[in-house]
Amino acid sequence: MFGDMMGMMGKLKETQKKVEETKKRLDTVTLEEKSNDNLISVTITANRELKKIVIDDSLLQDKEQLEDYLIMTLNKAIKKATNVNETELAAVAKDGMPNIPGMDSLFK
């Protein structure tokens, strides 16, 4: 039993290391999101760090419209990045979890 516990602890440490490596890798994964009419483009990492915003000049005339576009496009970009982030981290965590009855349902 003690050997099983040590094996589990080793596996958990290995998984933790893989999770940290995955988080670092996700800093290099960039996603682009655009408004429906392509007047705003947002580039964000899978760790949800904003890298670039491109705004069409036509939106600079109407502050309220620009704000609405930014909110809509940024929210879409954040949602996309969150989905990638959670999927990647869940896959690493699921692969590295020891076989504990009932725990597999947490990562579905």
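Note: the structure precedes this text.
This is a predicted model, so every value here is computed, not measured.

The rules behind the values
- Residues numbered from 1 in each chain as written.
- Predicted model: local features only at pLDDT ≥ 70, side-chain atom pairs only at ≥ 80, totals over all residues.
- Heavy atoms only, no water.
- Pairing = 2+ DSSP bridges.
- Helix = DSSP H or I, 4+ residues; strand = E, 2+ residues; numbered from the N terminus.
- Axes fitted to C-alpha atoms, helices over the stretch in contact; angles between N-to-C directions.
- Core = buried A, V, L, I, M, F, W, Y, C linked by side-chain atoms within 4.5 Å.
- Buried < 20%, exposed > 50% of the residue type's maximum accessible area, 1.4 Å probe, protein only.
- Contact = heavy atoms within 4.5 Å.
- Salt bridge = Lys/Arg side-chain N within 4 Å of Asp/Glu carboxyl O.

Just checking my understanding: could you explain the sheet that holds strand β2 (residues 40–45) for this structure?
Pairing between the strands of a sheet comes from backbone hydrogen bonds, and it takes one of two forms, parallel or antiparallel. Pairing in this open sheet of three strands is antiparallel, and the strands run β1-β2-β3 from one edge to the other. Each having just a single partner strand, β1 (30–34) and β3 (50–55) make up the two edges of the open sheet. With strand direction ignored, the average angle separating the axes of adjacent strands in the sheet is 15°.

Explain the nonpolar core here, please?
Counting nine residues, the largest nonpolar core is built from Leu-31, Ile-40, Val-42, Ile-44, Leu-59, Leu-66, Tyr-69, Ala-77 and Ala-81. Broken down by secondary-structure element, the contributors of at least two residues to this core are β2 and α2 (63–96). When residues in this core are grouped by element, the largest group, four residues, is from α2. Excluding anything up to four places from it in sequence, Val-42 contacts Leu-31, Glu-32, Glu-33, Leu-50, Lys-52, Ile-53, Thr-73, Leu-74 and Ala-77. Counting residues in hydrophobic clusters, the runner-up holds five residues, among them Val-19, Leu-26, Ala-46 and Val-92.

Help me out: how do you make sense of unusual backbone geometry in this one?
Excluding glycine, a negative phi dihedral is what most residues carry, and trans is how most peptide bonds are arranged. Its identity is not glycine, yet Asn-38 carries a phi of approximately 65°, on the positive side. Considering the arrangement of structural elements, one finds Asn-38 in the loop between β1 and β2. Take Asn-38: its relative accessible area is 52%, and that puts it in the exposed class. Of note in the backbone geometry, Arg-48 takes a positive phi value of approximately 65° without being a glycine. With respect to the secondary-structure elements, Arg-48 resides in the loop between β2 and β3. By relative accessible area, Arg-48 is classed as partly exposed at 39%.

What exactly am I supposed to notice about the pattern of salt bridges here?
A side chain with one charge can pair with a side chain of the opposite charge if their charged atoms come near. Following the criterion strictly, the structure yields seven salt bridges and no others. For the salt bridge of Glu-88 with Arg-25, the shortest nitrogen-to-oxygen distance reads 2.6 Å. Within this pair, whereas Glu-88 is found in helix α2, its partner Arg-25 is found in helix α1 (residues 2–26), the two being separated by 63 residues in sequence. You can call Glu-88 partly exposed: its relative accessible area is 29%. Classification of Arg-25 by relative accessible area gives partly exposed; the value is 38%.

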